[in-house]
Amino acid sequence: MSDVHVVGERYGFRIESGRSGPQGDDRFRRLLRLLEDIHTSAPLDVVLISGDATDAGRSGEWAEFLDALAAHPDIAARVLMLPGNHDINIVDRANPARLDLSIGPNSRLRKIRALSAIEGVQGSRVHVVDPDGKRIGKTLTEALRPHAAELSRFAARGRPYFSTAASDLWDDVFPMVVPPDREDGLGIVLLNSNTDSHFSFTNALGMISAAQAKAMDAVFAQHPKACWLIGLHHHPVEYPRAAKVLSERIGTTLVNGNWFLRRLMPMAKRAILMHGHRHIDWIGECGGLVIVSAPSPVMESKNDASTYFYIHTLEIGADNCLRLLVPQRVDVPGETPEYERSVVEGVVPRAGIEPATP
């Protein structure tokens, strides 16, 4: 899933949905209850949140997100996440296009918040690539431990002249990797596809750095028989559908998407790419690489309308090719009087999952 856009106020309005969209974070909590219900009967391996966990990367929003996960420890233990543009590039929820000076502390503070939350969720389960860029190295928790005191001081003071650790570490910890459990198993690569955005004309620019691509190549070379699930926030290609508004075609895709996909072509049969960002439900192929876009289970709806997400099953065939099987759709109910009454009466139906159209 992607783009849950947690807000820090009980009745807060999200930047992109305003008064028409889901208020507060009740829908995200309902989503987690559905996941726990499903997991009880059909255990899940991974819950991937491909960016924009928060609406504006504020401390209160991260606190709400982590509190919601804490109520479902079995699900939290399976969550893998990566940063979206709302997590690190939104300066002010009241004025998303506000100027953010590169010499100010705000950008680094947002990165520290995101990195702290990511470490808290998955720090012991993901690895970084060694500084020499040739092999999978320490866990994220181990990599951050020597810098914890400096990051804490900077977060407390917010003085940019006393620390560059946040910016340096941010670049060094991506990609994050879950190695395959056997040489021909499935591994997971989590990328940071955000660019620094000091003036937020779009605040949504995406790019995969050459350093991340090189590190990813090294990971693939270290496990030459493995298959890979690759997660990022931005979509690498535009979809073959009409845009509703001009803003959907300006500065939202990966700036270097063509280059990135060409780098991945040798892995086309052994990798599947999953992303968020556009809130669009779409599965397609480019250059032989399967691309899966996650719909937002929170955005793009009225408060009383249902939203949905998918459970995907991946299969490694005898030919060592990775296949995406028919996904199962899970509906998240809206805030209707009938649903609220069922919650009060304790008769909420168990979660159901239905096969999606292939």
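Below: a short report on this structure. (Residues numbered from 1 in each chain as written. Predicted model: local features only at pLDDT ≥ 70, side-chain atom pairs only at ≥ 80, totals over all residues. Heavy atoms only, no water.)

**Here's the deal with the packing of helix 9 (residues 210-222) against helix 10 (residues 257-264)**
Test applied: As a rule, the C-alpha atoms of each element are fitted with a line to give its axis, helices using only the stretch in contact, and angles between N-to-C directions run from 0 to 180 degrees. Working definition: helices are DSSP H or I runs of at least four residues, strands are E runs of at least two. Numbering for both runs from the N terminus. Reported orientations rely on four angle classes, namely roughly parallel under 35 degrees, roughly antiparallel over 145, roughly perpendicular from 65 to 115, and oblique for the rest. In this scheme the crossing of two helices becomes right-handed for a clockwise turn of the near helix relative to the far one and left-handed for an anticlockwise turn of less than a right angle. Residue contacts are counted whenever heavy atoms from the two residues lie within 4.5 Å of one another. All residues other than Ala, Val, Leu, Ile, Met, Phe, Trp, Tyr, Cys, Pro, Asp, Glu, Lys and Arg, Gly among them, are scored as polar; the first ten of these are nonpolar and the last four charged.
The interhelical angle for the contact between helix 9 and helix 10, taken along N-to-C directions, is 15°, at an axis separation of 11 Å. Taken together, the axes of helix 9 and helix 10 are roughly parallel relative to one another. The chirality of how helix 9 crosses helix 10 is right-handed. Every residue of helix 10 that contacts helix 9 at Ala210, Ala213, Lys214, Met216, Asp217 and Phe220 is listed here: Trp259, Phe260, Arg263 and Leu264. The residue makeup of the contact of helix 9 with helix 10, split by class, is 7 nonpolar, no polar and 3 charged.

**A short note on the packing of helix 5 (residues 106-122) against helix 7 (residues 148-157)**
Closest axis-to-axis distance for the helix 5/helix 7 pair is 10 Å, and the angle between their directions is 130°. What the angle tells us is that helix 5 and helix 7 run oblique. The way helix 5 lies across helix 7 gives a crossing that is left-handed. Across from Arg108, Leu109 and Ile112 in helix 5, the residues of helix 7 making contact are Leu151, Phe154 and Ala155. Tallied by class, the residues present in the contact of helix 5 with helix 7 amount to 5 nonpolar, no polar and 1 charged.

**Comments concerning the pattern of salt bridges**
Test applied: Salt bridge, as used here: a side-chain nitrogen of Lys or Arg that lies within 4 Å of a carboxyl oxygen of Asp or Glu. A 1.4 Å probe rolled over the protein chains alone gives each residue an accessible area, and that area as a share of the maximum for its type sets the label: buried under 20%, exposed over 50%, partly exposed in between.
Per the stated rule, a full pass over the model turns up 12 salt bridges. Here arginine 263 ties to aspartate 217 by a salt bridge, and the two come within 2.3 Å at their closest N and O atoms. One end of the pair, arginine 263, is in helix 10; the other, aspartate 217, is in helix 9, and 46 residues separate them in sequence. Across the pair aspartate 331 and arginine 329 runs a salt bridge, and its minimum N-O distance is 3.0 Å. Looking at arginine 329, the relative accessible area reads 32%, which means it is partly exposed. Each member of the salt-bridge network shares a partner with another, and the members are Asp26, Arg29 and Glu64.

**Description of the pairing of strand 11 (residues 307-311)**
What counts is decided by this rule: Pairing between two strands requires that DSSP report at least two bridges joining them.
Within strand 11, 4 of the 5 residues are buried, leaving the element largely enclosed by the surrounding structure. Looking at chain direction, strand 11 and strand 14 (residues 328-332) are connected through 5 bridges and run antiparallel. Bridged to threonine 307 within strand 14 is valine 332.

**Observations concerning the packing of aromatic side chains**
Put simply, the rule reads: When two rings of Phe, Tyr or Trp (its six-membered ring) have centres within 6.5 Å they constitute a pair, described as stacked for plane angles under 30 degrees, edge-to-face for angles over 60, and tilted for the intermediate range.
Within this structure, the stated rule accounts for 5 aromatic pairs. Measuring from centroid to centroid gives 5.6 Å for phenylalanine 28 and phenylalanine 65, while their planes differ by 10°, and the two rings are stacked. Residue phenylalanine 28 is found in helix 1 (residues 26-41), and its partner phenylalanine 65 is found in helix 2 (residues 59-70); the two are separated by 37 residues along the sequence. The same class applies to phenylalanine 28 and to phenylalanine 65, which are both buried.

**Focus: the pairing of strand 6 (residues 186-190)**
A regular strand places its side chains on the two faces of the sheet in alternate fashion. Among the 5 residues that make up strand 6, 4 are buried, leaving the element largely enclosed by the rest of the structure. Strand direction decides the pairing type here: strand 5 (residues 176-178) and strand 6, joined by 3 bridges, are antiparallel. The residue of strand 6 that forms the bridge with valine 178 is isoleucine 188. Judged from the 5 bridges that link them, strand 6 and strand 7 (residues 227-231) form a sheet pairing that is parallel. Among the inter-strand pairings, leucine 186 is bridged to a residue of strand 7, identified as cysteine 227.

**Some points on helix 1**
Basically, it comes down to this: By this rule the span expected of a helix is its residue count minus one, scaled by 1.5 Å.
A rise of 1.5 Å per residue sets the reference length of helix 1, with its 16 residues, at 22 Å; its end C-alpha atoms lie 23 Å apart and thus fit the reference within 8%. For helix 1, the complete set of buried residues consists of Arg27, Phe28, Arg30, Leu31, Leu32, Leu34, Leu35, Asp37, Ile38 and His39.

**Side note on a nonpolar patch on the surface**
Short version of the rule: Within the patch definition used here, like charges are joined within 9 Å and nonpolar side chains (Val, Leu, Ile, Met, Phe, Trp, Tyr) within 5 Å, considering only residues with over 30% relative accessible area and no salt bridge. All accessibility values rest on the Shrake-Rupley procedure with a 1.4 Å probe; residue burial counts only the protein chains present in the view.
On the surface, Leu205, Met207 and Val255 cluster together into a nonpolar patch covering about 240 Å² of accessible area. Positionally, leucine 205 belongs in the loop between strand 6 and helix 9. Leucine 205 sits in the partly exposed class, given a relative accessible area of 32%.

**Things to note about the nonpolar core**
Applicable threshold: To form a nonpolar core, buried Ala, Val, Leu, Ile, Met, Phe, Trp, Tyr and Cys residues must be joined to one another through side-chain atoms within 4.5 Å.
Ranked by size, the top nonpolar core spans 57 residues in total, and within it Leu35, Phe65 and Met176 carry the most contacts. Sort the elements by how many residues they give to this core and helix 5 lands first, with 7 residues. The residues touching methionine 176, leaving out its near neighbours within four places in the chain, are Leu115, Ile118, Gln122, Val126, His127, Leu140, Ile188, Val189 and Leu190. Within the second largest apolar cluster, 27 residues are counted, among which are Val129, Leu261, Met267 and Ala271.

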